[in-house]
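Structural description and commentary
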Amino acid sequence: MKSKERVLNAINRESVDRAPWVPFVGCHAGQLLGVSAEEYLKSSDLMFDGISKAIELYKPDGIPVCFDLQVEAEILGCDLTWAEENPPAVVSHPLSSGKKLGDLPEINSESGRLKSILDVTKKVRSGFPDLAVYGLITGPFTLALHLYGSDIFMEMFDHADYVKEIIGYCTEIGKVISKSYIDSGCDVIAIVDPMTSQIGPEQFKEFVTPYASSLFSYIRELGAKSSFFVCGHAQQNIESMCECRPDNISIDENIPLDFVRNMSEKYKISFGGNLQLTAVLLLGTPEDCQENAVNCMETGGDTGFILAPGCDIPYATPRENLESIIKVIEDPYQRDIIKALDKNRNMEILYNMRDYGQSDKVIVDIITLDSEACAPCQYMVESVKNITPEFEGIVEWREHKIKNRESLIFMTALMVRNIPTICIDGQITFVSQIPPKEQLIAAIQKRIIEKLRLKIQRKKKVVYILGDDKDKKFDSEINKAILELGEDIQVVNVTERENILSYGVLPEQTPAVVVGKYNLKTVRKLPATDVIKEWLKGE
Amino acid sequence: MDNSIPIILITGFLGSGKTSFLNNLLGLDHIKEKKISLIINEFGKLGIDGSLVESNEYPLYEINKGSVFCICVKTDLIKTFKDIAENVKPDLVIIEATGIAQPGDIISLIKDSEADYKFRISSNICLVDSANFIKVLANLKSVKEQVKFADAVIINKEDLVLQGELNIVKELVNAINPSAKKVTASFGRVSPSFINNIKHRSEPADIISCPPPLVYAFSVESGKKTNKETFLKLLENYKNNILRLKGTVDFGSEKCFIEVAGKQVLLDNKKQYADHTKVSVIAWNMAEQELKNKFIEVCGVPEQV
């Protein structure tokens, strides 16, 4: 199924082969190109390059052309302040500094930065015909706030009609821009209206519903799909949002996805979200992102759900975090692993594996999902099973299926994070790959040699001849014994009085023989005090 | 020993006096002697008393310079916390939040980023604009949350409202947050002892679930004539519930502009808000639909507007 079809099917609540993936890449693409948010959002060339790069890396089914809720405000006369790693911020409000609605400049497809954004839209459309292209516009309520400032919340009581007039004006702006986006090739128009999360349901019905409904109707008449995108604590307005009849609603992590799913089901519209932007995408690991994605997909289900971040992806989000997500979207096996690993979350580590691998045999542990149920695991187990006989009993292998709790604990104890993994004597050796036979044999042989070396080092002996062995009789006999044994033993002559005494032997008791045995206990690892005490007691 | 850096969080809607209060705070003796970092998220000319800033050389961070959008502010805040924790290491951080900030977001942000164990909220102080609180409270969710999570509420601009209105604001604040310390003030000036005795109360940051609004707003509109006596009786009967009312009522013989504030009713037949009955109401302590129905009965509309 092609990406665009996948997105549109999901929006229509028709069947899809998997959840569509629509990352809201805005100024984050600037990071991919190594430029600031300001440079990125002001350049159509950079925007096209950034979107292309994001498409290459993240393999989305849909993508917005631009995520900047200040474009319209800037054209209408708001001053902006720009930032390195954020979209710009509105810092002046023309309607609260003396201007009337009639004084504001006209807005059309040639206005301000909109012109270059539409140019980029056309290029993205023609460059990526199979992708769903999203055009984002600032919702009427949020745009009204840009034009008037925060005092609008007071004016909603004092001058409600005027506030509605402003919002009505902003709605007409929205229609002009929606048409421009659709004419440039957009498949979906997202009305992004985050400030509506600030008001309650009654105010929403009065100041948002009539205007948003009008906008969605208009978009529908033009033959495109629409999305109502509200980030923030908007749960109280979700039903009202659905009543505005968009084709899709999109929310962030502040609202439980199952709540939105149920409401969307009630109104027969599609819904999207809600990967966590800060804790997961920005600050988490690729594994965290995969886990969050799987949880969203599990909750979202397979009807009408689009996987997306909760809002504009933060500029500094590590690319590998976003790259990891497509793997769990496309590969059910990876999803199963994530789901199984999720049980790991609160597990206590019950084993201390610090000294694992001390036995005479080499132990090969294979951590799998389940070799009976999944192919990669099966191949990995077979690869080990097939070469073990060549080592004639020196190597022992074991499978640990993480569907079992004990195996999960074992996996955690060995600090294994990926499935399947081969550990050799507790050391992670092959991760998520079936090793070629030669490589596996070489790795095991290396461990055998290592163990042998350690063994030899452990059993090292020294013979000390204390005193003056004038006739070299002691020396001669000892060397003869060493030769007959075939061992590598050092012979040391000790003649200094103090040194002789340190062995507990008086000088008049010499010549004397002391045999010392070295028992190598650890290399590169610092043992606990208790362990050292046991060693010493054992000697 | 707790080595985390204390944070004083200052919240309040635009114009409530946060910056004035901050300036006063910076002038207090026991604050002046500390090494402080300031995080400002309210756009505008900075407003911080330049002499105070210069003399103490506070590291000053302006977060996203005016943006009210949560994710932009969050990512900036995370970087700021990191920089402060690693490079500045002040004795105290003071955050002046944006007017529509939800305190829970800032608190959870401290936990989400690695700043959790390096910072702690030592006090959460909310400024309330006596003159406009009721209007904003009815329309803006975060204003209620700011009061709800505050350790102390400063009911500011007391000089700009009548005592009746001030009493209602105090009653509202108390209903939202009975346990916070409260004081009325002008120009954000409060006594040092008030500041010193603020104790932080940790609340879970889960303010996502929205309880039924304490204060609500609705509008009623009608093309029919309204009996004046009946209408005024309605206002009298529900004077403890109606916090604000504004609009025009068509009494037949005259159309009057009407305003209710601080339980005082103002009628002016020389001024008109609309050419038919149209009133906006902010009320509390009574089911919204019940009060609405009363107005609908009196104003003669067959169905709600």
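Here goes a summary of the coordinates provided. Small disclaimer: the values here were computed from a predicted structure and weren't measured.

Residues and elements named next belong to chain A. Contact pair helix H13 (residues 257-267) / helix H15 (residues 286-300): the axes reach a minimum separation of 9 Å and the direction vectors enclose 30°. Considered as vectors, H13 and H15 are oriented roughly parallel to each other. The two elements H13 and H15 cross, and the hand of that crossing is right-handed. Residue-level inspection shows Leu257, Asp258 and Arg261 of H13 in contact with H15, the latter providing Cys296, Thr299 and Gly300.

Our focus in this paragraph is the interface of chain A and chain B. The interface is formed by 44 residues belonging to chain A together with 44 residues belonging to chain B. Across the chain A/chain B interface, buried area totals approximately 3700 Å², and carbon plus sulfur atoms make up 59% of it. Between the two partners, chain A and chain B, sit four salt bridges. As a salt-bridge pair, B:Lys278 and A:Asp161 come within 2.4 Å of each other at their nearest N and O atoms. Connecting chain A to chain B are 11 residue pairs in polar contact (both at pLDDT 80 or more). Mapped onto the side of chain A that touches chain B, the elements with two or more residues apiece are strand E3 (89-90), helix H7 (140-148), helix H8 (152-158), helix H9 (160-183), helix H10 (201-207) and helix H14 (277-282) of chain A. In terms of residue count, the dominant contributor to the side of chain A that touches chain B is H8(A) (five residues). Considered class by class, the residues forming the side of chain A that touches chain B number 21 nonpolar, 15 polar and eight charged.

A separate point is the sheet that holds strand E7 (residues 248-250) of chain A. Residues and elements named next belong to chain A. Strand order in the open sheet formed by seven strands is E1-E4-E5-E6-E7-E8-E9, and the pairing between neighbours is parallel. Strands with a single pairing partner mark the edges of an open sheet, and in this sheet they are strand E1 (62-64) and strand E9 (305-309). Across the sheet, the axes of successive neighbouring strands diverge by a mean angle of 25°, strand direction being ignored. Strand direction decides the pairing type here: strand E6 (residues 225-229) and E7, joined by three bridges, are parallel. Paired with phenylalanine 229 across the two strands is serine 250, which belongs to E7. Against the sheet, H7 contacts strand E4 (132-138) and strand E5 (188-192), and its axis sits at roughly 40° relative to E4.

The rules we used
- Residues numbered from 1 in each chain as written.
- Chains lettered and ligands numbered in written order.
- Predicted model: local features only at pLDDT ≥ 70, side-chain atom pairs only at ≥ 80, totals over all residues.
- Heavy atoms only, no water.
- Axes fitted to C-alpha atoms, helices over the stretch in contact; angles between N-to-C directions.
- Helix = DSSP H or I, 4+ residues; strand = E, 2+ residues; numbered from the N terminus.
- Parallel < 35°, antiparallel > 145°, perpendicular 65-115°, else oblique.
- Left-handed = near helix turned anticlockwise from the far one by under 90°.
- Contact = heavy atoms within 4.5 Å.
- Buried area = accessible area lost by both parts, 1.4 Å probe.
- Salt bridge = Lys/Arg side-chain N within 4 Å of Asp/Glu carboxyl O.
- Polar contact = N/O pair within 3.5 Å; in protein donor to acceptor, adjacent residues only side chain to side chain.
- Nonpolar A, V, L, I, M, F, W, Y, C, P; charged D, E, K, R; others polar.
- Pairing = 2+ DSSP bridges.

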